[in-house]
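Reading the structure
Each chain is listed here by its residues.
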Amino acid sequence: MPQQSNLSTLHISELNVWYGKNQILKNLTFDVLSKQVTAFIGPSNSGKTTLVRCLNRLNDLSVDFRHTGNILFKGKNIYASKINASEITKQIGMIFQKPIPFSKSIYDNVAYGVRIDGIKDTIQLDDIVEDSLRKAQLWDEVCDNLQSSPDILSNGQQQQLCVARALAGNPEVLIFDEPCEQLDATETPKLEAIVQSLKTQYTLIFVTNKRRQAARVSDVAGFLCCGELVEFGQTEQIFTNPKDKRTEDYVTGRLG
Amino acid sequence: MNRSNLLYNVIAIVILALVLFMFWNFAASTSYVEGKITSGGVVIDTLSTIYGYLYGMIPICCVLILFSLAVAFYLEEWLSHRSWQYRIIERIIAIFACIPSLVYGLFCAYFIVVKSQQISYLTLTIAVFFIVVPVTIRTTQQVIQKVDLSVREAAYALGAKRMRVIADHVIPNTFPMILTGIFTTISRVLAIAALFIVICGWKITESNSKHSFDIPNNAIVLLSSALLFSVISCLFEKKKSL
Amino acid sequence: MQHYLESELKELQHQLLKMGGIAENMLRDAIQSVLNRNEDLALRVIAIDDTVDKLENEIEARCIQLIARHQPVAFELRYLTMAMKVNRNIERLADKCVSIARRSLELLEFPPMQPFVDLPSITLIIQEMVKDALDALVNRNAELARELRERDGKVNTIYEQMVRELCTLLTDQPQLIQTGISHLLLFRHLERVGDLAANIGEEVYYLVEGEVIRHTNIPR
Ligand SMILES: Nc1ncnc2c1ncn2[C@@H]1O[C@H](COP(=O)(O)OP(=O)(O)OP(=O)(O)O)[C@@H](O)[C@H]1O
Ligand SMILES: [Mg+2]
C-alpha cells in the first residue's frame with residue numbers, strides 16, 4: 001500500500017501546451033506527490049514526453065513551444081521570469097528513452113553535473129561518484145574501470161550510468177521517459193528495481209507505454225490520451241477499477 | 001512551408017545576382033594597362049610579385065576561416081532556426097557553397113588578369129572570401145547539426161548552460177569534422193591559386209617574350225600541396241568515424 | 001521485478017498466517033467454552049471475529065492489487081489465487097468458530113446433557129486438522145495437504161455417528177428437544193470446520209503440485 005503523503009512536490013494546474021498551432025496538452029491539472037512513483041501511460045503521440053519535458057523546462061529548447069497554466073515546484077512557479085531554466089533542470093533530473101552516455105570516461109560522465117556546480121575537490125567528487133553509482137546499482141560492475149569509456153557497458157548498464165549521472169547532481173525529482181525502451185527483457189527488471197529503491201529518497205516520474213510496467217512500478221498513475229489527462233489516481237484504482245471507459249480500454253489492451 | 005522555402009530561395013538568388021553584378025562592376029572599373037598586370041599602378045612583370053601576393057593571402061585566408069566558423073556557430077547555436085534571418089542567411093550560403101570553386105577562380109582570373117590586369121589585396125580577398133566562407137560555413141553547419149540533439153538535451157538536463165554544452169559536447173564532437181572542412185577548403189584555395197598562376201604566367205609570357213613559360217612547375221607545386229591537404233582532410237574524416 | 005513480487009508474496013503469507021493463527025485460537029477457545037461451559041471464552045471468540053473480517057478484506061485487496069500490478073504467471077499466479085481462496089476459507093472458519101461460541105452460550109441456558117463420547121475426539125481431530133492445514137501452507141507440504149481430505153472423511157463419519165446418538169437420545173427423552181437441536185447445530189459446525197480445513201489443504205495442494213484435487217474421488 002502506498003503511503004498517502006500530503007507533500008506535493010509539483011503542482012500542475014490548467015496546463016496547456018502548443019507546438020506552433022498544434023495543441024499537444026489540454027488543460028492538465030494534477031499533483032506529483034513527493035517520494036512516490038507517478039507514472040504516465042498512454043498511446044504513442046499522446047503527449048507524455050511533451051508533458052515531462054515541460055516539468056524540467058527542457059521544452060524551452062523547442063522553437064515554437066508555447067504554454068499556459070502554472071507549474072509549481074515546491075510552491076514556486078518554474079516558468080517565472082526571474083527563475084533560471086538551468087536551475088530547474090538541475091533539480092529535476094531526466095533519464096531519456098535512449099541511454100545517452102557522453103563520450104567521456106565513466107567517472108567523468110557521473111561527475112559531469114557536479115563539476116558544473118564548480119565542485120573540483122577530488123575526494124568529494126570520488127565520494128559523490130561512488131555514491132551515485134551505488135544508488136544506480138552499477139558500482140560493483142564498474143568500480144575497477146571508472147576511467148574507461150562507457151562504450152564497454154551494455155545498453156542497460158549505460159542507462160544505469162545515466163541514472164547515476166542524474167543522481168550525482170542531487171536532484172529532487174527524477175523523470176524517466178520510457179527508460180526501458182531500448183533495454184532487453186533481463187535489463188528491464190533491474191531498472192525497475194532501481195526505481196523502487198530510489199523511491200525512498202526521490203520523487204519519481206515514470207513515463208512508459210507499457211501498461212504492465214506502470215502497474216508494477218508506480219504508486220500513482222495518470223492516463224494520457226490525445227493530450228488529455230483522462231484519469232489520474234492511485235495505481236490500483238486505475239488498474240482494477242478505472243473510472244473512464246477509455247482508461248478501461250487502454251489498461252485492458254483494447255485501445256492503443 | 002514549401003512555399004516559404006521557395007521564397008527564401010528566390011530572395012537568395014536575387015542577392016547572389018546583385019553581388020555578382022557589383023563584383024563585375026568593381027572589377028571592370030579598375031584601371032586597364034595594355035599587356036601589363038599592375039599593382040596599384042606599379043607594373044608587375046614577374047611572377048614573384050604575384051607569389052608575394054599569394055603568400056600575403058595566407059593570414060587573410062586564416063582570418064576568413066575563423067570568421068566562417070564563428071558565423072556557423074552563431075547560426076546554429078544562437079539564431080533560432082525558425083527566424084527569417086536564419087533562413088535567408090542559410091539559403092544564401094547554401095547557394096554560394098553550391099557553386100564550384102573553379103567558377104570563382106575563373107571569374108577572378110578573368111577579371112584581374114584578362115580584363116583589368118591589376119592586382120590588389122582587396123580583389124584577391126574578395127575572391128578568396130567567396131571561395132572560403134560559404135563552403136566552410138556550410139560544412140561546419142552540417143557538422144554541428146549532426147551533433148545528436150539528445151546529447152545536448154542530456155547535458156541541458158544536468159543543468160549545463162549553452163556555452164558549457166558547446167564547449168563540452170559540440171566542439172569535441174565536431175572538431176575532427178571541422179578540421180576536415182578546413183583542410184578541404186585550404187586545398188581548394190591552393191588549387192585555385194595554381195589555376196591563377198597558370199593564367200597569369202600565360203598572360204605575362206604572352207606580353208613579355210623575355211620570360212620563358214615555366215609556370216607549370218610552380219602550379220604543380222601548388223596543385224600537389226592541394227592534393228596533400230585533401231588527403232590530410234580525408235585522414236581526419238577517417239579518425240572521426242573510427 | 002520477480003524479486004519485488006517475491007517479497008510482497010512473503011508479506012502476504014505472513015498476513016495469511018497471522019489470520020490463520022487467530023482463527024486457530026478462536027477455534028480452541030470456542031471448543032473449550034463448549035466443553036467447560038465457559039461463557040467468557042465464548043464472548044471473547046465472538047468479539048475477535050471483527051479483526052478477522054478486517055484482515056480478510058485487507059488480504060483480498062492486497063491480492064487483487066498484486067494481480068493487477070504484476071499480472072503474475074506460474075507459481076506466483078497459483079500462489080495468489082490460492083491465497084484468495086485460503087483467505088476466504090479461514091474467514092469462514094472464523095465464522096464457524098463464532099457460531100460454535102453462540103451455540104455454547106445457548107447451551108449454557110440449559111442444564112448439561114449427558115456427555116457425548118465422541119465430542120472430545122472430534123474436537124481434537126478438527127483442531128489438529130486446522131493446525132496441519134496451516135503447517136502445510138507454511139512448508140508447502142503437498143502430502144500433508146492431501147491427507148487432510150482423508151481426515152475430513154473421518155470427521156464426517158464421527159459426525160454422522162454423533163447425530164445418530166443424538167437421535168436415539170431424543171427419541172427416549174423428547175423433552176430435551178431444545179438443547180438437542182442446539183447440539184445438532186453444534187455438531188454440524190464442528191463438521192464444517194473439518195471441511196474448511198480440508199479445503200485449505202486442497203488449495204495448498206494446488207499451489208505445490210499445480211493440480212486440482214477438489215471434487216475428485218472424495219473419501220466419504
Ligand atoms: N518539438 C516538437 N515540435 C513540434 N511538435 C512536436 C514536438 N515534439 C512533439 N511534437 C508533437 O507532439 C505530439 C506528442 O508527442 P510526444 O512526444 O509528447 O508523444 P509521446 O506520448 O511521448 O509519444 P511516444 O510514446 O511515441 O514517445 C506528437 O504529435 C508530436 O508530433
Ligand atoms: Mg515519448
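Residues numbered from 1 in each chain as written. Chains lettered and ligands numbered in written order. Predicted model: local features only at pLDDT ≥ 70, side-chain atom pairs only at ≥ 80, totals over all residues. Heavy atoms only, no water.

1. Looking at the site of ligand 1
All names here are of chain A. To keep it simple, the criterion reads: Near, as used in this document, describes a residue that has one of its heavy atoms within 4 Å of the molecule or strand being considered. Polar contacts, as counted here, are pairs of nitrogen or oxygen atoms within 3.5 Å of one another; within protein the pair requires one atom able to donate a hydrogen and one able to accept it, and residues that are adjacent in sequence qualify only if both atoms are side-chain atoms. Residue exposure ignores everything except the shown protein chains as possible cover, and the areas themselves are Shrake-Rupley values with a 1.4 Å probe. Secondary structure elements follow DSSP: runs of H or I no shorter than four residues count as helices, runs of E no shorter than two count as strands, and numbering proceeds from the N terminus. By the convention adopted, Pro, Cys, Tyr, Trp, Phe, Met, Ile, Leu, Val and Ala count as nonpolar, Lys, Arg, Asp and Glu as charged, and the other residues, Gly among them, as polar.
Around ligand 1, the surrounding shell consists of Tyr19, Ile24, Pro43, Ser44, Asn45, Ser46, Gly47, Lys48, Thr49, Thr50, Ser62 and Glu178. A distance of 3.0 Å separates an oxygen atom of ligand 1 from a polar atom in the backbone of Gly47. Within the complex, the protein chains bury 64% of what would otherwise be the 630 Å² of accessible surface of ligand 1. Per-element tally for the shell around ligand 1: the top contributor is helix α1 (residues 48–55), with three residues. For the shell around ligand 1, a count of residues per class yields three nonpolar, seven polar and two charged.

2. Quick word on helix α7 (residues 187–198) of chain A
Rules: What a helix is expected to span follows from its residue count: subtract one and scale by 1.5 Å. Buried residues are those whose accessible area, probed at 1.4 Å on protein chains only, stays under 20% of the maximum for their type, while exposed residues exceed 50% and partly exposed ones sit between those limits.
Between the first and last C-alpha of α7 of chain A there are 17 Å, a value that for 12 residues agrees with the 16 Å anticipated at 1.5 Å per step. Buried residues of α7 of chain A: Glu187, Thr188, Leu191, Glu192, Ile194, Val195, Gln196 and Leu198 of chain A, and no others.

3. Section: the interface of chain A and chain C
Reports often express the size of an interface as the amount of accessible area lost when the parts come together. Counted only if it meets this: In what follows, a contact means two residues having at least one pair of non-hydrogen atoms within 4.5 Å. As used here, buried area is the combined drop in accessible area, with a 1.4 Å probe, of two parts when they are placed together. Salt bridges are identified by distance alone: a Lys or Arg side-chain nitrogen within 4 Å of an Asp or Glu carboxyl oxygen.
Across the contact, 14 residues belong to chain A and eight residues belong to chain C. Together chain A and chain C conceal approximately 1100 Å² of surface at their shared face, both sides included; 57% is due to carbon and sulfur atoms. If you look at where chain A meets chain C, you find one salt bridge. A salt bridge links Arg69 of chain C to Glu236 of chain A; its shortest N-O distance comes to 3.5 Å. At the junction of chain A with chain C, the criterion picks out three residue pairs in polar contact (both at pLDDT 80 or more). Contributions of two or more residues to the side of chain A that touches chain C are made by α7, α8 (211–217) and α9 (235–240) of chain A.

4. What about the pairing of strand β4 (residues 65–73) of chain A?
Residue and element names in this part refer to chain A. So the rule is basically this: When DSSP finds two or more bridges between two strands, those strands count as paired.
As judged from the eight bridges shared by strand β1 (residues 8–19) and β4, these two strands associate in the antiparallel manner. Its bridge partner lying in β4, His11 is registered against Leu72. In this structure, β4 lies alongside strand β5 (residues 76–77), joined through two bridges in antiparallel fashion. Each bridged residue has a counterpart across the sheet, and for Leu72 the counterpart in β5 is Asn77.

5. Some details on the sheet that holds strand β3 (residues 37–41) of chain A
Residue and element names in this part refer to chain A. This is how it is decided: Angular values range over 0 to 180 degrees, each being the angle between N-to-C directions of two axes fitted as lines to C-alpha atoms, with helices fitted over their stretch in contact.
Spatially, the six strands line up as an open sheet ordered β6-β7-β8-β3-β9-β10, and their pairing is mixed. Unpaired on one side and paired on the other, β6 (92–95) and β10 (228–234) mark the two borders of the sheet. Shown here is a sheet whose adjacent strand axes are inclined to one another by a mean of 15 degrees, direction ignored.

6. Remarks on the confidence of the model for chain B
Detailed reading of the predicted model is not advised wherever pLDDT is low. Residues and elements named next belong to chain B. Put simply, the rule reads: Confidence scores here are pLDDT values: one per residue, from the predictor, ranging 0 to 100.
The pLDDT averaged across chain B works out to 76; a share of 74% of its residues lies at or above 70. Averaged pLDDT values for the elements of chain B fall to 53 in strand β2 (residues 42–44) and rise to 89 in helix α6 (residues 149–157). With pLDDT under 50 throughout, residues 30–35 is counted as low confidence; its partners more than four residues away or in other chains account for 15 contacts. Here the prediction assigns the complex a pTM of 0.78, and the interface score ipTM is 0.87.

7. A word on the side chain of Arg53 of chain A
Mapped onto the elements, Arg53 of chain A comes out in helix α1. For Arg53 of chain A, a relative accessible area of 10% translates into the label buried. Only 2.9 Å separates the side chain of Arg53 of chain A from the side chain of Glu153 of chain B, close enough to count as a polar contact.

8. Quick notes on the interface of chain B and chain A
Across the boundary between the two partners, chain B contributes 18 residues, which contact 23 residues of chain A. Between chain B and chain A the total buried area reaches about 1700 Å² when both faces are included, carbon and sulfur atoms providing 61% of it. Contact with chain A buries surface across chain B, with Glu153, Ala157 and Leu158 of chain B losing the most and accounting together for 34% of the total. Between the two partners, chain B and chain A, sit two salt bridges. A salt bridge links Arg53 of chain A to Glu153 of chain B, with the shortest nitrogen-to-oxygen separation between them at 2.9 Å. In terms of residues, the side of chain B that touches chain A owes the most to one element, α6 of chain B, which gives seven residues. When the residues that make up the side of chain B that touches chain A are grouped by side-chain class, the tally is seven nonpolar, five polar and six charged.

9. Considering the pattern of salt bridges
Taken as a whole and judged by the stated rule, the model has 33 salt bridges over all chains. One salt bridge in this structure joins Lys90 of chain A and Asp117 of chain A, with 3.0 Å as the shortest N-O distance. Residue Lys90 of chain A is located in helix α2 (residues 85–91), and its partner Asp117 of chain A is located in the loop between α3 (106–116) and α4 (122–135); the two are separated by 27 residues in the primary sequence. For Lys90 of chain A, a relative accessible area of 18% corresponds to the buried category. On the basis of relative accessibility, which here comes to 42%, the residue Asp117 of chain A falls in the partly exposed class. Across the salt bridge formed by Arg88 of chain C and Glu91 of chain C, the nearest N and O atoms sit 3.2 Å from each other. Taken together, the residues span about one helical turn, with Arg88 of chain C and Glu91 of chain C both in helix α3 (residues 74–108) at a distance of three residues. Residue Arg88 of chain C is classed as partly exposed on the basis of its relative accessible area of 41%.

10. Side note on the pairing of strand β2 (residues 22–33) of chain A
Residues and elements named next belong to chain A. As paired strands, β1 and β2 are joined by eight bridges and run antiparallel to one another. What sits directly across from Ser8, in β2, is Leu33. Count of turn residues in the β1/β2 antiparallel hairpin: two residues, of which Gly20 carries a positive phi of about 60 degrees.

11. Topic: the environment of Asn25 of chain C
All names here are of chain C. Inspection of the secondary structure assignment puts Asn25 in helix α1 (residues 2–36). Exposure remark for Asn25: the relative accessible area of 37% places this residue in the partly exposed category. In sequence terms Asn25 and Ala94 are 69 residues apart; their C-alpha atoms lie 9.6 Å from each other.

12. Observations regarding the packing of aromatic side chains
Note the cut-off: To pair, rings of Phe, Tyr and Trp, with the six-membered ring standing in for Trp, must have centres within 6.5 Å; the planes then decide the type, stacked if under 30 degrees apart, edge-to-face if over 60, and tilted in the middle.
Taken as a whole and judged by the stated rule, the model has 14 aromatic pairs over all chains. Ring geometry for Phe102 of chain A and Tyr112 of chain A: centres 4.9 Å apart, planes at 65 degrees, overall edge-to-face. Of this pair, Phe102 of chain A sits in the loop between β6 and α3 while Tyr112 of chain A sits in helix α3, placing them 10 residues apart in sequence. Judged by relative accessible area, which is 3%, Tyr112 of chain A ranks as buried. Measuring from ring centre to ring centre gives 5.0 Å for Phe116 of chain C and Phe187 of chain C, while their planes differ by 85 degrees; the resulting arrangement is edge-to-face.

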